[in-house]
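Chain by chain, the residues run as shown.
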Amino acid sequence: MLHRFRLQWARGAGGAKGLDVALAERRRGARRRWARQARRAEVPDERFDARRRAGRRQRVAYVAAACVLVIRTLVACAAWIVVRGRRVGRQLPPEERRWTQ
Amino acid sequence: MHPDGTASHGSRVLGSILLVATAVFLVVALVASPPDDAGRDAMGDMVRIMYVHVPVAIACYTAFLVTALASAMYLWKRTEGWDCLAASSAEVGVVFTALTLATGSIWGHIAWGTWWEWDPRLTSTSLMFVMYVGYLALRRAVIDPTSRAKQAAILRLISFVNVPVVHYSVDWWRSLHQTATISRFDPTIDGLKLFALLFGMVLALLLYVADAAPLPPPVG
């Protein structure tokens, strides 16, 4: 439909000032519009950048949370095991603590 | 060295190696390795969660495999050492399973938009967690050491049936969870990302070994 409409327009314009002239005008207009769009795309959209920065901050926070969770839990688990070991070790005579020999 | 502690020369050396290795791992995983930007499903910085999530999952599989082997050995040999090893390994395995669920949930919240989904992998993992927590409860509930060791060994072997189900759930059922990243020597990642993942796995296994070294049974 789009192309059919353009054909119709070109035919109409061509009837008035010749098809080649009308097509050349149409292409010049299209180039100007593309150039405007390209310039706009190069200018950073502040709102988009702010959203992207916030998203990156959030992802970094999630990664940090996962690492902190794993390390703190494993350290706490190791500390708990060491404390339990000392408590149990107190009940054993030194000659039965095989791991110290 | 604490006079009553369970530390040995070997465990202190292992602890020192683990401290240095953890620092190096954090630098490699969080700073040196690049964000994932390959393909349509690129994870960006979120790939860094995989460097802790996958290793703790591998460590929990290993822990429960060692638990099952030690339980079978206990039922065969009936020596206290195998029961100690199985009990230590299962307890540390439960901690690693909890960490697997927690880190996976953090990943899921940002990647899938939800903390939890009743997906086959997540459901079977949570079932595995509940089964081993139940085992720990049974171990505390039975007083007689011989009866406790025997019942615990049987329950540990029953619980292990779920471990292959967890691993293959993403292949057997339609799952939201991604399939294996490293399998059949054909990894879907490479370079520093693969190194960070493998380094994390070795570190998690060493942490498991350091944590699961069996303690002597309580006296009295």
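Predicted model, so just to flag it, every value in this text is computed and none were measured.

### As for the overall build of chain B
Scanning chain B for helices and strands turns up seven helices and zero strands. Overall, chain B shows an N-to-C arrangement of helices and strands of α-α-α-α-α-α-α. The proportion of buried residues among the 220 residues of chain B is 36%. Considering only contacts within chain B whose residues lie at least 6 apart along the sequence, 75% involve residues at least 24 apart.

### So, the overall build of chain A
For chain A, the helix and strand inventory stands at three helices and zero strands. Starting at the N terminus, the α and β elements of chain A follow one another as α-α-α. Expressed as a percentage of the 101 residues in chain A, the buried residues total 7%.

### Structural notes on the nonpolar core
The biggest cluster of nonpolar side chains holds 56 residues, and the ones touching the most others in it are Ile49, Val56, Ala59, Ala63, Ala86, Phe96 and Tyr208 of chain B. Looking at this core, the elements that each hand over two or more residues are helix H3 (46-90) of chain A together with helix H1 (9-32), helix H2 (47-77), helix H3 (80-111), helix H4 (120-141), helix H5 (145-160), helix H6 (162-172) and helix H7 (191-212) of chain B. Top contributing element to this core by residue count: H2 of chain B, with 17 residues. Excluding anything up to four places from it in sequence, alanine 86 of chain B contacts Thr67, Ala70, Ser71, Tyr74, Ala153 and Arg156 of chain B.

### Remarks on the confidence of the model for chain A
Overall, the prediction assigns chain A a mean pLDDT of 75, with 63% of residues at 70 or greater. Here helix H1 (residues 2-17) of chain A stands out as the least confident element of chain A, with mean pLDDT 64; H3 of chain A is the most confident, with 83.

### Side note on unusual backbone geometry
Residues and elements named next belong to chain B. Located in the positive-phi region is arginine 78, a residue other than glycine, with phi close to 60°. Among the structural elements, arginine 78 can be located in the loop between H2 and H3. Assessed through the 13 C-beta atoms surrounding it within 10 Å, arginine 78 is described here as partly exposed.

### Notes on the packing of H2 of chain B against H3 of chain B
Residue and element names in this part refer to chain B. Between H2 and H3, the shortest axis-to-axis distance is 7 Å and the interhelical angle comes to 155°. The angle between the axes of H2 and H3 places the two elements in the roughly antiparallel class. Classified by chirality, the crossing of H3 by H2 is left-handed. Considering only residue class, the contact of H2 with H3 consists of 21 nonpolar, nine polar and two charged.

Thresholds, definitions, all that
Along each chain, the written sequence defines residue order, and numbers are assigned to residues from 1. Just so you know, chain letters begin at A and ligand numbers begin at 1, following the order they were written in. Local features in this predicted model are restricted to residues whose pLDDT is 70 or higher, and side-chain atom pairs enter the listing and the counts only when it is 80 or higher, whereas totals over whole chains, interfaces and linings include all residues. Each helix is a run of H or I in the DSSP string that is no shorter than four residues. Each strand is a run of E no shorter than two, and both are numbered from the N terminus. Note on burial: count the other C-beta atoms lying within 10 Å of the residue's C-beta; 20 or more is buried, 12 or fewer is exposed, in between is partly exposed, and C-beta positions come from the backbone. In this description, a residue-residue contact is defined by the distance between C-beta atoms placed from the backbone, which must lie within 7 Å. What makes a nonpolar core is a set of buried Ala, Val, Leu, Ile, Met, Phe, Trp, Tyr and Cys residues, with links drawn between C-beta atoms within 7 Å. Confidence of the predictor in every single residue is expressed as pLDDT, which spans 0 to 100. Only the contacting stretch of a helix is used when fitting its axis, a line to C-alpha atoms as for every element, and angles between N-to-C directions run 0 to 180 degrees. For classification purposes, an angle smaller than 35 degrees is called roughly parallel, one larger than 145 roughly antiparallel, one from 65 to 115 roughly perpendicular, and anything else oblique. For a crossing to be left-handed, the near helix must be turned anticlockwise from the far one by less than a right angle; the clockwise case is right-handed. Each residue is assigned to one class: nonpolar for Ala, Val, Leu, Ile, Met, Phe, Trp, Tyr, Cys and Pro, charged for Asp, Glu, Lys and Arg, and polar for all the others, Gly among them.

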